[in-house]
Amino acid sequence: MKKLAILLLAFVLVCSCCLLAACGGDGEESSTADTTSEAGKPSTPDTSSKDENSSATSADEPSEEPSNEPSSGPVEDPSDETSEPDETSEPDETSEPSDEPTDPETKLLWLTHYNTLGNEGSGVVLSQPYEGGEWWFHCSFAPVEGEDGVYELVEILDGTSGSGHPLDIPEGGFVYALHPGNNNPGGIDYTTEACATVLNDTRNWKPGNKFIFTGIDFENFTDVPTETPNLYWYEDGDNDTGHYICTATYAIIG
């Protein structure tokens, strides 16, 4: 019995040794296999250094492709640029005052007679002393020394309300008189639009104003300025008889 126990113990020991020996061999084979595997595996080249060199090279060399990123420099605003004037455009004539004198306004001078105050609604130039003056607007003119054809307004007397008196005629000058006319019921209507227009304009005349005239016969004081000598001065076209046209004018130049 004792021998049997010793044999079993010996058998267990032998089996244990074999088992240990077998496990140890597998470990060495696995280690050898791992070593062999690592040794047989192709080595991967180390590209980290190359990548760093490539990055450095890329940083030194400018990129050929355009960048979509906005430039960090100042951006010019087209609206800030001062626009240059168009050389082809015409200059603004109203931007600078012109040195050229402007022509004075020419207006009608109602002139139908010379040296008589006997006609209603007429315009008269008086070169001789006269009487009366009631119901007439009249004013005197004197020639301006050194200015040929220029006359200065000396005196104004408005007698259209029923008062009035003759004015002195300046040397070398004349008196201009206007009668507003009357519309006589059943008779002649002496009122005319032309006479009324000039009479209204005289409200703006002032002593000292300088005038130039056209149509006045300063040599003989006989030639009446009209395009319709066959008509009476009061014919205003109301009765289909025609329209009297006076061609005398005046302009205030100072």
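You'll find the structure just up there.
Residues numbered from 1 in each chain as written. Predicted model: local features only at pLDDT ≥ 70, side-chain atom pairs only at ≥ 80, totals over all residues. Heavy atoms only, no water.

Engineer: Which residues make up the environment of Thr 197, and what are the values?
Structural biologist: With respect to the secondary-structure elements, Thr 197 resides in helix α3 (residues 193–201). Considered as a pair, Thr 197 and Lys 107 are 90 residues apart in the sequence and their alpha carbons are 9.8 Å apart. A polar side-chain atom of Thr 197 sits 2.8 Å from the main-chain carbonyl oxygen of Glu 193. (Helix = DSSP H or I, 4+ residues; strand = E, 2+ residues; numbered from the N terminus. Polar contact = N/O pair within 3.5 Å; in protein donor to acceptor, adjacent residues only side chain to side chain.)

Engineer: Lay out the pattern of salt bridges in plain terms, naming residues and giving numbers.
Structural biologist: For the structure on display, the rule yields three salt bridges. Residue Lys 107 pairs with Asp 201 through a salt bridge whose shortest N-O separation is 4.0 Å. One end of the pair, Lys 107, is in strand β1 (residues 106–108); the other, Asp 201, is in helix α3, with 94 residues separating them in the sequence. Looking at Lys 107, the relative accessible area reads 27%, which means it is partly exposed. Between Arg 203 and Asp 158 there is a salt bridge, and its shortest N-O distance comes to 2.7 Å. Pair noted here: Arg 203 is in the loop between α3 and β7 (210–214) and Asp 158 is in strand β5 (residues 150–158), with a separation of 45 residues, a long-range link. A relative accessible area of 34% places Asp 158 in the partly exposed class. (Salt bridge = Lys/Arg side-chain N within 4 Å of Asp/Glu carboxyl O. Buried < 20%, exposed > 50% of the residue type's maximum accessible area, 1.4 Å probe, protein only.)

Engineer: Talk me through unusual backbone geometry; I want residue IDs and the actual numbers.
Structural biologist: Phi angles above zero are rare outside glycine, and Trp 135 is one such case at about 70 degrees. For Trp 135, the position within the fold is in the loop between β3 (123–126) and β4 (137–143). Phi angles above zero are rare outside glycine, and Phe 221 is one such case at about 55 degrees. Mapped onto the fold, Phe 221 is located in the loop between β7 and β8 (249–252). The exposure class assigned to Phe 221 is buried, which follows from its relative accessible area of 16%.

Engineer: Go over the sheet that holds β4 with me, naming the residues and quoting the values.
Structural biologist: Within the open sheet, the eight strands sit side by side as β1-β8-β7-β5-β4-β6-β3-β2. Their pairing is mixed. Every interior strand has two partners, whereas the edge strands, β1 and β2 (113–114), have only one. In terms of strand pairing, β4 meets strand β6 (residues 174–178) through five bridges, oriented antiparallel. For Cys 139, the partnering residue across the bridge sits in β6 and is Tyr 176. Packing against the sheet, α3 makes contact with β1, β4, β6 and β8, and its axis sits at approximately 120 degrees to β6. (Pairing = 2+ DSSP bridges. Contact = heavy atoms within 4.5 Å. Axes fitted to C-alpha atoms, helices over the stretch in contact; angles between N-to-C directions.)

Engineer: Explain the nonpolar core to me, using residue names and the numbers behind them.
Structural biologist: Within the largest apolar cluster, 30 residues are counted, with the highest numbers of intra-cluster contacts made by Trp 110, Phe 141, Tyr 176, Trp 205 and Phe 213. Looking at this core element by element, the count peaks at four residues for α3. Formed by nine residues, the second largest nonpolar core is a distinct cluster that contains Leu 117, Leu 126, Tyr 130 and Ala 177. (Core = buried A, V, L, I, M, F, W, Y, C linked by side-chain atoms within 4.5 Å.)

Engineer: For the packing of aromatic side chains, give the residues involved together with the corresponding values.
Structural biologist: A ring pair, where both rings are aromatic, is described by two values, the distance of the centres and the angle of the planes. Scanning the entire structure with this criterion turns up 23 aromatic pairs. Measuring from centroid to centroid gives 5.8 Å for Phe 211 and Tyr 250, while their planes differ by 35 degrees, and the two rings are tilted. Of this pair, Phe 211 sits in strand β7 while Tyr 250 sits in strand β8, and the two are 39 residues apart along the sequence. Of the two residues, Phe 211 and Tyr 250, neither departs from the other in class, the shared state being buried. For the ring pair Trp 233 and Tyr 234, a centre distance of 5.1 Å and an interplane angle of 80 degrees mean the geometry is edge-to-face. (Phe/Tyr/Trp six-rings, centres within 6.5 Å; stacked < 30°, edge-to-face > 60°.)

Engineer: Tell me about the pairing of β4, residues and numbers included.
Structural biologist: Counting buried positions along β4 gives six out of seven residues, so the element sits mostly inside the fold. Pairing between β4 and β5: seven bridges, direction antiparallel. Each residue of the ladder has a partner; that of Phe 141, found in β5, is Leu 153. In textbook terms, the turn of a hairpin is the stretch between consecutive antiparallel strands, and for β4 and β5 this stretch comprises six residues, one of which, Gly 146, has a positive phi near 85 degrees.

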